[in-house]
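Given next are the chains, with one letter for each unit.
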Amino acid sequence: MTALEQAVQEATAGDPMTGLRWTHKTTRKIARELGAQGFAISHTTVARLLRAADYALRTNRKRLARTHEPERDAQFQLMERQRRRFRRRGWPVLSVDTKKKELVGNFKNPGACWRKEARAVLDHDFASAALGRGIPFGVYDAGRNCGFVLVGTSHETAEFAVAALRAWWLETGRWCYPRAARWLLEADCGGANGNRSWRWKVGLQRLADEFGVAITVAHLPPGASKWNRIEHRMFNLISANWAGEPLASYEVILKYIETTESETGFRCRAVLDTSEYPTRIQVTEEEKRAVRIRYHKTLPQWNYTIYPRRK
């Protein structure tokens, strides 16, 4: 055992809390090194001895975080207070984000499903062999436990994100919240709906003007996107529903989204958007000045409200 410990010492890592350790060397390589020292040992015996010494095969775990924003907890507490205030008044509280882009075609989709035989799919995920890309932008209504997804075919832009919110309101929002004077949007700090994106804010201004609502936006702090409720209350359910099934067409994508449900009553609507959303559009200073935005006194970098302009 002493020789075995020495053979794996430089390649050993472990968990100081549980005592578990693991080595980056293979059992065959360790057996060869021990054989060169005069020990007659097989790789299976090496594996048995390693397990007896509390070694185990381990994968990487995402546990280490960058330095947290110093006001991170304050932002989460503020968001919770805003949720309660909006719900008391019967106004929508929406979590928004873009799900992972999907290649449309007979490609392998992670996961497994019940079949008598495995389904044959293309051996390479080349974009050139795809019918296109599916870009799902989701809107999760926490109060009603329901979702809406706009599946785009062009690009993930701020205009596309705003179009998803507009489609949500026309499809379901106006019927569920006919007297809503305000919306609360919870969004990540990056992507199409980033807190620094003026294209996003200009688009929200158009929504506010069109529907006569004030739109309050609360951004999750950087590095906290996994706490966005749409991730673990909607997107995970959609991924589980189509696990192991090739997304062979846009119709298939819409079908799986619309048949996604949960034991707690979650339901989802899906709409295809074939509009073209060009990239690299610059916002002019005049457009910025025209946005009727008020940054909140508390953490203004993440919280603001856009009001409809007087006609």
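Shown above is the structure to which this text applies.
Residues numbered from 1 in each chain as written. Predicted model: local features only at pLDDT ≥ 70, side-chain atom pairs only at ≥ 80, totals over all residues. Heavy atoms only, no water.

Asks: Explain the packing of helix α2 (residues 27–36) against helix α3 (residues 43–52) here, please?
Replies: Packed helices, taken two at a time, are described by the angle their axes make and the gap between the axes. The N-to-C vectors of α2 and α3 enclose an angle of 105°; their axes lie 8 Å apart at closest approach. Here α3 runs roughly perpendicular to α2, going by the angle between their axes. On α3, the residues that touch Thr 27, Arg 28, Ile 30, Ala 31 and Leu 34 of α2 are His 43, Val 46, Ala 47 and Leu 50. Its residues assigned to classes, the contact of α2 with α3 comprises six nonpolar, two polar and one charged. (Axes fitted to C-alpha atoms, helices over the stretch in contact; angles between N-to-C directions. Helix = DSSP H or I, 4+ residues; strand = E, 2+ residues; numbered from the N terminus. Parallel < 35°, antiparallel > 145°, perpendicular 65-115°, else oblique. Contact = heavy atoms within 4.5 Å. Nonpolar A, V, L, I, M, F, W, Y, C, P; charged D, E, K, R; others polar.)

Asks: Mind showing me how you'd approach the pattern of salt bridges here?
Replies: It is possible for side chains bearing opposite charge to pair when their charged atoms get close. This model, assessed by the stated rule, comprises 16 salt bridges. For the salt bridge of Lys 99 with Glu 102, the shortest nitrogen-to-oxygen distance reads 3.9 Å. You'll find Lys 99 and Glu 102 in the same group, each marked buried. Here Asp 209 makes a salt bridge to Arg 309, at a shortest N to O gap of 2.6 Å. (Salt bridge = Lys/Arg side-chain N within 4 Å of Asp/Glu carboxyl O. Buried < 20%, exposed > 50% of the residue type's maximum accessible area, 1.4 Å probe, protein only.)

Asks: Sorry if this is basic, but what is going on with helix α4 (residues 72–88) here?
Replies: Within an α-helix, residues lying three or four positions from one another point in the same direction, as the helix has 3.6 residues per turn. Between the first and last C-alpha of α4 there are 25 Å, a value that for 17 residues agrees with the 24 Å anticipated at 1.5 Å per step. The complete set of buried residues in α4 reads Arg 72, Gln 75, Leu 78, Met 79, Gln 82, Arg 83 and Phe 86. The buried side chains of α4 occupy one side of the element, clustering within an arc of 145° when seen end-on. Of the exposed residues in α4, those oriented more than 90 degrees away from the buried face are Asp 73 and Arg 88. Where α4 ends, the next residue or the one after it, Gly 90, has phi of about 75°, a positive value. (Expected span 1.5 Å × (residues − 1). Arc of directions from axis to C-beta.)

Asks: Please clarify how the nonpolar core should be interpreted in this entry.
Replies: By size, the foremost hydrophobic cluster in this structure holds 44 residues, and its most contacted members are Leu 165, Trp 200, Leu 204 and Ile 215. A per-element tally of this core places helix α5 (residues 158–176) first, with 10 residues. When near neighbours in sequence (up to four residues on either side) are disregarded, Leu 165 contacts Leu 94, Val 96, Val 139, Leu 185, Trp 200, Leu 204 and Leu 207. Phe 235, Ile 238, Cys 268 and Ala 270 belong to the second-largest nonpolar core, a separate cluster that totals 19 residues. (Core = buried A, V, L, I, M, F, W, Y, C linked by side-chain atoms within 4.5 Å.)

Asks: In this structure, what is going on with the packing of α5 against helix α6 (residues 198–211)? I would like to understand it.
Replies: With their axes 8 Å apart at the nearest point, α5 and α6 run at an angle of 25° to one another. Relative to α6, α5 is oriented roughly parallel. As α5 packs across α6, the resulting crossing turns out to be right-handed. Contacts between α5 and α6 pair Ala 158, Glu 159, Ala 161, Val 162, Leu 165, Arg 166, Trp 169 and Leu 170 from the former with Arg 199, Trp 200, Gly 203, Leu 204, Arg 206, Leu 207, Glu 210 and Phe 211 from the latter. Taken together, the residues of the contact of α5 with α6 sort by class into 10 nonpolar, one polar and five charged. (Left-handed = near helix turned anticlockwise from the far one by under 90°.)

Asks: What am I meant to see in the packing of aromatic side chains here?
Replies: Describing an aromatic ring pair means giving the distance of the ring centres and the angle of the ring planes. By the definition in use, this model includes 11 aromatic pairs. With a centroid separation of 5.4 Å and an interplanar angle of 70°, the aromatic rings of Phe 86 and Trp 91 are classed as edge-to-face. The two residues Phe 86 and Trp 91 agree in class, both being buried. Here a set of aromatic residues connected by ring pairs shows up, and it is made of Trp 168, Trp 169, Trp 183 and Phe 211. Geometry around Tyr 304 places Lys 201 over its ring, the cationic atom sitting 5.0 Å from the centre. The ring of Tyr 256 is capped by Lys 255, whose NZ or CZ atom sits 4.4 Å from the centre of that ring. (Phe/Tyr/Trp six-rings, centres within 6.5 Å; stacked < 30°, edge-to-face > 60°. Lys NZ or Arg CZ within 6 Å of the ring centre and 35° of its normal.)

Asks: Any chance you could explain the pairing of strand β3 (residues 93–98) here in plain terms?
Replies: The side chains of a regular strand alternate, residue by residue, between the two faces of the sheet. Counting buried positions along β3 gives six out of six residues, so the element sits mostly inside the fold. A two-sided burial pattern is seen for β3, the buried positions comprising Val 93, Ser 95 and Asp 97 on one face and Leu 94, Val 96 and Thr 98 on the other. Judged from the three bridges that link them, β3 and strand β7 (residues 182–187) form a sheet pairing that is parallel. Across the sheet, Ser 95 pairs through a bridge with Glu 186, a residue of β7. Note that β3 and strand β5 (residues 132–141) share five bridges and pair antiparallel. (Pairing = 2+ DSSP bridges.)

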